[in-house]
Amino acid sequence: MEQSSIPHHLGKDIDWAVEIKNNDLEWNLMLNRHSYWIDLGRAYWLTGEEKYVKEWSEQLHSFKEQTQAHPAFTWRDLQVGVRVFNWIKTFYYILSWPGLTPQTFFAFMDSLHEHGRHLYEKNNKYCGNWAFFISAGLANISLMFPEFKDSPEWGRAATDRLIYLLNSELFPDGNLKELSPLYHNMVVMCLFEYLYLSKLNNSVLPSIFYEKLEKMIEADMYLAMPDGTIPCVGDSDNFDVRDWLTAGAILFKRKDFKFSGHRDLDYSNLWYFGKEGLEKHESLNSEQPPRTCRHFEDSNWCVMRDSWLNKARYLFFNVSDLNKASVGATHSHADSLAIIVHSFGRSLLADPGWYVYFDTFQKIIRIFGRFYLVLYGIKALLFQFLF
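Cut-offs applied
- Residues numbered from 1 in each chain as written.
- Predicted model: local features only at pLDDT ≥ 70, side-chain atom pairs only at ≥ 80, totals over all residues.
- Heavy atoms only, no water.
- Helix = DSSP H or I, 4+ residues; strand = E, 2+ residues; numbered from the N terminus.
- Buried < 20%, exposed > 50% of the residue type's maximum accessible area, 1.4 Å probe, protein only.
- Salt bridge = Lys/Arg side-chain N within 4 Å of Asp/Glu carboxyl O.
- Patch = residues over 30% accessible without salt bridge, like charges linked within 9 Å, V, L, I, M, F, W, Y side chains within 5 Å.
- Areas by Shrake-Rupley, 256 points an atom, 1.4 Å probe, with all protein chains shown as cover.
- Pairing = 2+ DSSP bridges.
- Axes fitted to C-alpha atoms, helices over the stretch in contact; angles between N-to-C directions.
- Contact = heavy atoms within 4.5 Å.
- 1 Å grid on protein atoms, 1.4 Å probe; cavity = no way out; pocket = protein on both sides within 12 Å on 5 of 7 lines; lining within 4 Å.
- Points joined across faces, edges and corners; volume = space filled by probe spheres on them.
- Nonpolar A, V, L, I, M, F, W, Y, C, P; charged D, E, K, R; others polar.
- Parallel < 35°, antiparallel > 145°, perpendicular 65-115°, else oblique.
- Left-handed = near helix turned anticlockwise from the far one by under 90°.

Caption draft 1: How the structure looks around unusual backbone geometry. The phi dihedral of histidine 70 is positive, around 55 degrees, even though this residue is not glycine. Along the chain, the position of histidine 70 falls in the loop between helix H3 (50-66) and helix H4 (77-94). What makes histidine 70 partly exposed here is its relative accessible area of 27%. Phi is positive for leucine 179, close to 55 degrees, though the residue is something other than glycine. Relative to the helices and strands, leucine 179 resides in the loop between helix H7 (151-168) and helix H8 (181-200). With relative accessibility at 3%, the residue leucine 179 sits in the buried group.

Okay, structure coming up:
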């Protein structure tokens, strides 16, 4: 997701419904997803310093007290699904904390169970990436907290829904039907974490989970520009997919994934796989993908490159049909026939992606056509191509 360059000091007592900054709805939504709790947990796990886990405890109690009535903004359905992923990771980083009181433990478990009930009620409501986050979040609660009496039913319902989504929301060529590489990779994260946690807990999932995830990561491999980032098609950011290619190399023992991913095991995957994953990655041979060009016949994206070198000449051509996008999906742009060029180690012709949600310029980009930023010396000219 996009970073905000406008600082805001939240103070000691966080207002979880703080007003939107810079007219950017995502600012507050990100605040309520609690991804930074993972950093607090890791900092405690690495240093043993209680200040990190004490801060987490204070924020947990503060959030629970302020949002007991489930206000729409902080308990937006997607936020609940995303938050579950971050809460579960954080919890296992701090579980060994000697200062974890029964009150804090109960507050966490009680609120997590509330999240589970909420997600169960919404399990069959959505399509697209929202549906994956909601169902995978519910599945992870069931898997990691079997002590909840509702967990067996939550796990059954979530897994059934995920299987339905894998068959309905993905093109046969591996791309998400929302036609946004960023949201495609958000779904990759959902599937990977559920699949990997299942493996760690000796829970056997149907083979479709492995088959579809491998296909999605393979799509990333061919879509990625020479610097490892995705083309910003639709609502997308300049996102580096080499983390997922590296994870896929370990998980599926794919030599071409290793070639296209990080040379060494990256920070995120070291936390996922640990020392065993590091050894698996180092022992896996690297092999160049079998072809340089790829036509995604279902999503109608074309990728051409002259090599797999870092300074290769790369072209992305979008001939997608929005009528084939996911029903209810809102992350596609009216950008058919657009091209993206990355050559000689730099971006030459770029798509602006989503810019900032709900900003006036972002609305223009989505509605009125394709924009290209052409740099010539110190001058920048913006050309608008209308249909």
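Having put the structure on the table, let's press on.
Caption draft 2: Main features of the pattern of salt bridges. Summed over all chains, the structure comprises 15 salt bridges. Measuring nitrogen to oxygen at the nearest pair gives 3.9 Å for the salt bridge that ties lysine 12 to glutamate 58. A residue pair is termed long-range when its members are at least 10 positions apart, and lysine 12 in the segment before helix H1 (25-31) and glutamate 58 in helix H3 qualify at 46 residues. Lysine 12 sits in the exposed class, given a relative accessible area of 68%. Among the ionic pairs, arginine 313 bridges to aspartate 306, the shortest N-O distance being 2.8 Å. Owing to a relative accessible area of 48%, arginine 313 belongs among the partly exposed residues under this scheme. Residue aspartate 306 is classed as partly exposed on the basis of its relative accessible area, which comes to 40%. Where salt bridges share partners, they join Glu214, Glu218, Arg254, Asp256 and Arg294 into one cluster.

Caption draft 3: Region of the structure containing a nonpolar patch on the surface. A cluster of nonpolar residues, Trp45, Leu46 and Tyr267, forms a patch on the protein surface that exposes about 400 Å² of accessible area. On the secondary structure map, tyrosine 267 appears in helix H12 (residues 267-283).

Caption draft 4: Representation of the sheet that holds strand E1 (residues 294-296). With antiparallel pairing, 5 strands are arranged side by side in an open sheet as E1-E2-E3-E4-E5. A single partner strand is all that each edge strand has here, and the edge strands are E1 and strand E5 (346-349). Each neighbouring strand pair of the sheet contributes to a mean axis angle of 15 degrees, computed without reference to strand direction. For strand E4 (residues 339-343) and E5, the ladder comprises 3 bridges, and the chain directions are antiparallel. Within E5, the residue paired with valine 341 across the bridge is leucine 349. Strands E1, strand E2 (301-305) and strand E3 (314-318) of the sheet are contacted by helix H9 (residues 207-223), whose axis makes an angle of about 50 degrees with E2.

Caption draft 5: Region of interest: the layout of surface pockets. By volume, the second largest pocket is sized at about 700 Å³. Around the second largest pocket, the lining comprises 26 residues; the ones closest to its centre are Tyr196, Leu197, Leu200, Trp271 and Tyr272. A per-class count over the lining of the second largest pocket returns 16 nonpolar, 3 polar and 7 charged.

Caption draft 6: Here's a closer look at empty space enclosed by the protein. This structure, assessed with the given rule, holds 2 cavities of 30 Å³ or more. In terms of lining residues, the second largest cavity is bounded by Lys64, Thr67, Gln68, His70, Trp75, Ser111 and Glu114. Partitioning the lining of the second largest cavity into residue classes produces 1 nonpolar, 4 polar and 2 charged.

Caption draft 7: Looking closely at the packing of helix H5 (residues 102-121) against H7. One way to put it is that H5 packs onto H7 with a least axis distance of 11 Å and a crossing angle of 40 degrees. When the axis of H5 is compared with that of H7, the two are oblique. Judged by the sense of rotation from one axis to the other, the crossing of H5 with H7 is left-handed. The residues of H7 that touch H5, namely those facing His113, Gly116, Arg117 and Tyr120, are Glu153, Trp154 and Ala157. Residue composition of the contact of H5 with H7, by class: 3 nonpolar, 2 polar and 2 charged.

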